[in-house]
Amino acid sequence: MKAYLFRRTFFDSFIFAYLVMVLLVVVASPSPEEMLLLERNSILFTVAMFIGAVISSGLNKASNEKLHTLGESLFQPQYKKATKNEVSWYKTMAGWQLTVFLCVTFVVGIRVTKFSLLELLNEDGFAGAVRLFKGLFSPNFEILPKAVLNIIETIFMAFIATILAIPFAFVLSFFCARNIMKGPVAYAIYMSLRTLLNFTRAIEAIIWAIIFSVWVGIGPFAGMLALMIHSIASLAKQYSEMVETVSDGPIEGIQSTGATKLQTVWFAIVPQVILPYISFTVYRWDINVRMATIIGLVGGGGIGTMLIQYQGQAMWPEVGCIILVIAIVVWAMDQASAVIREALK
Amino acid sequence: MSNPILSVKNLVKTYPNGVQALKGVSFDVKQGEFLVVIGLSGSGKSTLLRCINRLHDPTSGEIFFEGSDIAQVQGEEVRSLRKKVGMIFQHFNLVPRHTVLSNVLMGSLGRVGSFKSIFGFFSPKDKTDAHKYLKLVGIADKEKIRVDQLSGGQQQRVAIARALAQGPSILLADEPVASLDPATCHTVMDYLKKVNKELGITIVCNLHFLSLVRQYATRVIALKGGKVVYEGSPQDITEEWFEKIYGQDAKEVHIN
Ligand SMILES: Nc1ncnc2c1ncn2[C@@H]1O[C@H](COP(=O)(O)OP(=O)(O)O)[C@@H](O)[C@H]1O
Ligand SMILES: [Mg+2]
């Protein structure tokens, strides 16, 4: 109940403060230096949020449902969502709030991305793109052997990263499952592990690759470590969600025989989760092959590193060959993992 | 045998959400009895059985099992208690994807070390026992079949074999036939009776139907609102008692 009020008010006031800030920028047209005054601008934003919160609470207190805000209709509890008057959207506060928000965001977005038809149709630029595409579509197959060797390196990098992640993720998944971690101490472990894993996952694999390429030097080892860390965090989350959906019946059945905790996990939980585990893992390998390519771009080794070298020298026919190899392998991995996952159902 | 195998004294169970499921339950179970617990759903039958094998922790009271109070024991002692107490559930609680034989072998987990069992090293004695109990419940020919392929009645028989593989001195059965059709119902109850008669294993069984009670029980207790309201022989349950246990509007249903 409290959580719902907080979410509603925060959502509404955030949108309000955002609109106020956009309005301020348009009306006062601040200088670039003023835009950088993070402290002052944060205070302005906070004040605007406060006003927004007051407005949101006021509107939602009104008995007339048409005045209720977008936050209210988004976050209100299910029992309130269950009944609703049929009202056209343009007659409601929430409808207008959403419309104004989307329109303003679209206009601001166009400005921020410096969207420009002029540049898209600029003659010089366009000629450059044509040259590039010509190169891409007439790939230079002389470098094919090297590209194949490099993509094999990438596939193995992804494979080893996945394999090494499995035991860590497997063990972690039980410590991150709410239905196993009962009791205060267990809950504390559960919470800290969850937080740690969420944090690890929030850092993209490519950033891990940058960190590891400084640590162990540029190359496939750095890329593999980056993928492994990311895979551990992702698999542990997916695995633990599976553990949380297991049925209690077999667990009680095994417990009542006098089995140990380890035996209970192995005999009652593992059989219920093993197939989805394998399925997630195959999919993770598939994802890792794609990620390994990207990671190569920042020096993680494999085909990505090869690609960035030729791209730097604007050797488009060679780049074309590499892209072709990547596309075929990614497509094949995608198909294979889909077939395997289907068979595991 | 004068000393009861199981003696429950003033057992109270309050769930964390405040529901008081047992409000001071006391009764004795003698060696070799087939005790049936009856009562409306919500009267605390399952809670009672789960307290006895410590799937739940009793709030207060004593449970003497083979002479010692196990109501508050922890850790290793809970495990050694459970080894001697077999449990049969309404929904069988077998492990899916495993075969019949493998499920029955799991009954001996309490005797096998954790690592040995994980690698599937069960002793030859455990294996012959598993076969013996499968034969006893009449499904020896199904040992290689995955349990999820079996009918409800067959699954419950596997569950009985698994409980027997523990080598228990008492079996707790929580509405073992409630999710079975009437015909299968009698088969399963007959096997429980056989276990009771031939192996001499004491049985405490929750049941719903009074007609089954009359047929199988050697003694009956009735729970109502977490208290024992009747204790006696199944033949002595009169219409009057029946109304008291199940409420004024209840009618006795017969299943055959
Ligand atoms: N895990 C639980 N948490 C909270 N209350 C429970 C739990 N299990 C059972 N209860 C409550 O305890 C009472 C007795 O339930 P139960 O022992 O399952 O009765 P029965 O098996 O006779 O139907 C019921 O009111 C039920 O709602
Ligand atoms: Mg019950």
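**Q** Explain the site of ligand 1 to me, please; I cannot follow it from the model alone.
**A** Residue and element names in this part refer to chain B. Around ligand 1, the structure places Tyr 15, Asn 17, Val 19, Ala 21, Leu 40, Ser 41, Gly 42, Ser 43, Gly 44, Lys 45, Ser 46 and Thr 47. In isolation ligand 1 exposes 560 Å². Once the protein is present, 63% of that is buried. Ranked by residue count, the leading element in the shell around ligand 1 is helix 1 (residues 45-52), at three residues.

**Q** Help me understand the domain arrangement of chain A, please; the structure alone is not making it clear to me.
**A** The domains assigned to chain A are domain 1 (2-118) and domain 2 (143-343). If you average the C-alpha positions of domain 1 of chain A and of domain 2 of chain A, the two centres end up 38 Å apart.

**Q** Any chance you could explain the packing of helix 9 (residues 144-175) of chain A against helix 15 (residues 302-312) of chain A here in plain terms?
**A** Two measures define how a pair of helices packs: the angle their axes make with one another and the distance between the axes. All names here are of chain A. Closest axis-to-axis distance for the helix 9/helix 15 pair is 6 Å, and the angle between their directions is 135°. Judged by the angle between their axes, helix 9 and helix 15 are oblique. Counting all contacts with helix 9, which are made through Lys 146, Ala 147, Asn 150, Ile 151, Glu 153 and Thr 154, the residues of helix 15 involved are Gly 302, Ile 303, Met 306 and Tyr 310.

**Q** Please clarify how the pairing of strand 1 (residues 6-14) of chain B should be interpreted in this entry.
**A** Taken residue by residue, a regular strand's side chains alternate between the two faces of the sheet. Residue and element names in this part refer to chain B. Where strand 1 lies against strand 2 (residues 20-29), seven bridges are found, and the strand directions are antiparallel. When the bridges of strand 2 are listed, Lys 13 appears paired with Leu 22. Linkage of strand 1 to strand 2, two consecutive antiparallel strands, is achieved through a turn of five residues, within which Gly 18 is found at a positive phi near 95°. Where strand 1 lies against strand 4 (residues 60-65), five bridges are found, and the strand directions are antiparallel. Across the sheet, Val 12 pairs through a bridge with Ser 60, a residue of strand 4.

**Q** Honestly, the sheet that holds strand 5 (residues 68-69) of chain B in this entry has me stumped. Any pointers?
**A** Strand pairing in a sheet relies on backbone hydrogen bonds. The paired strands run either parallel or antiparallel. All names here are of chain B. The four strands lie next to each other as 2-1-4-5, forming an open sheet whose pairing is antiparallel. The sheet is open, and its two edges are formed by strand 2 and strand 5, each paired on a single side. In the packing of helix 1 onto the sheet, the strands contacted are strand 1, strand 2 and strand 4, and the crossing angle to strand 2 comes to about 65°.

**Q** Before we go on, may I ask you to explain the nonpolar core in this structure?
**A** Across soluble globular proteins, you tend to see nonpolar side chains buried next to one another. Counting 98 residues, the largest nonpolar core has Ile38(B), Ile160(B), Leu171(B) and Met189(B) as the members making the most contacts within it. Counting residues per element, this core draws most heavily on helix 12 (residues 220-244) of chain A, which supplies twelve residues. Sequence-distant contacts of Leu171(B), defined by excluding residues within four places in its chain, comprise Gly86(B), Ile88(B), Ala163(B), Leu164(B), Leu192(B), Val195(B), Ile201(B), Thr202(B), Ile203(B) and Val204(B).

**Q** Quick question: what am I supposed to make of a nonpolar patch on the surface here?
**A** Residue and element names in this part refer to chain A. Together, Phe 141, Leu 144, Val 148, Leu 149, Ile 152, Phe 156, Phe 159, Ile 160, Ile 163, Leu 164, Leu 324 and Ile 328 make up a nonpolar patch on the protein surface, roughly 1,000 Å² of accessible area in all. Of all the secondary structure elements, the ones that give two or more residues to the nonpolar patch are helix 9 and helix 16 (316-343). Among the elements that line the nonpolar patch, the one with the most residues is helix 9, at nine residues. Here Ile 328 lies in helix 16. For Ile 328, a relative accessible area of 53% translates into the label exposed.

**Q** Please explain the environment of Pro58(B) as it appears in this structure.
**A** Examined against the element boundaries, Pro58(B) turns out to sit in the loop between helix 1 and strand 4. Aside from chain neighbours lying at most four places away, what touches Pro58(B) is Leu11(B), Val12(B), Lys13(B), Cys51(B), Ile63(B), Ala71(B) and Gln72(B).

**Q** Where do I start with the interface of chain B and chain A in this structure?
**A** Contacts between the two partners involve 28 residues from chain B and, on the opposite side, 19 residues from chain A. With both chains or domains summed, chain B and chain A bury close to 2,000 Å², and 62% of this area falls on carbon and sulfur atoms. Sorting the residues of chain B by area buried against chain A places Arg79(B), Leu109(B) and Ile118(B) first, and these three jointly supply 26% of that buried surface. There are one salt bridge connecting chain B and chain A. Between Glu252(A) and Arg50(B) there is a salt bridge, with the nearest N and O atoms lying 2.5 Å from each other. Viewed at the interface, chain A and chain B are joined by eight residue pairs in polar contact (both at pLDDT 80 or more). For the side of chain B that touches chain A, the secondary structure elements donating two or more residues are helix 2 (76-84), strand 6 (85-88) and helix 4 (114-118) of chain B. The element best represented in the side of chain B that touches chain A is helix 4 of chain B, accounting for four residues. Residues that form the side of chain B that touches chain A fall into these classes: 13 nonpolar, nine polar and six charged.

Rules and cut-offs
Residues numbered from 1 in each chain as written. Chains lettered and ligands numbered in written order. Predicted model: local features only at pLDDT ≥ 70, side-chain atom pairs only at ≥ 80, totals over all residues. Heavy atoms only, no water. Near = heavy atom within 4 Å. Areas by Shrake-Rupley, 256 points an atom, 1.4 Å probe, with all protein chains shown as cover. Helix = DSSP H or I, 4+ residues; strand = E, 2+ residues; numbered from the N terminus. Domains from an automatic or database assignment. Axes fitted to C-alpha atoms, helices over the stretch in contact; angles between N-to-C directions. Parallel < 35°, antiparallel > 145°, perpendicular 65-115°, else oblique. Contact = heavy atoms within 4.5 Å. Pairing = 2+ DSSP bridges. Core = buried A, V, L, I, M, F, W, Y, C linked by side-chain atoms within 4.5 Å. Buried < 20%, exposed > 50% of the residue type's maximum accessible area, 1.4 Å probe, protein only. Patch = residues over 30% accessible without salt bridge, like charges linked within 9 Å, V, L, I, M, F, W, Y side chains within 5 Å. Salt bridge = Lys/Arg side-chain N within 4 Å of Asp/Glu carboxyl O. Buried area = accessible area lost by both parts, 1.4 Å probe. Polar contact = N/O pair within 3.5 Å; in protein donor to acceptor, adjacent residues only side chain to side chain. Nonpolar A, V, L, I, M, F, W, Y, C, P; charged D, E, K, R; others polar.

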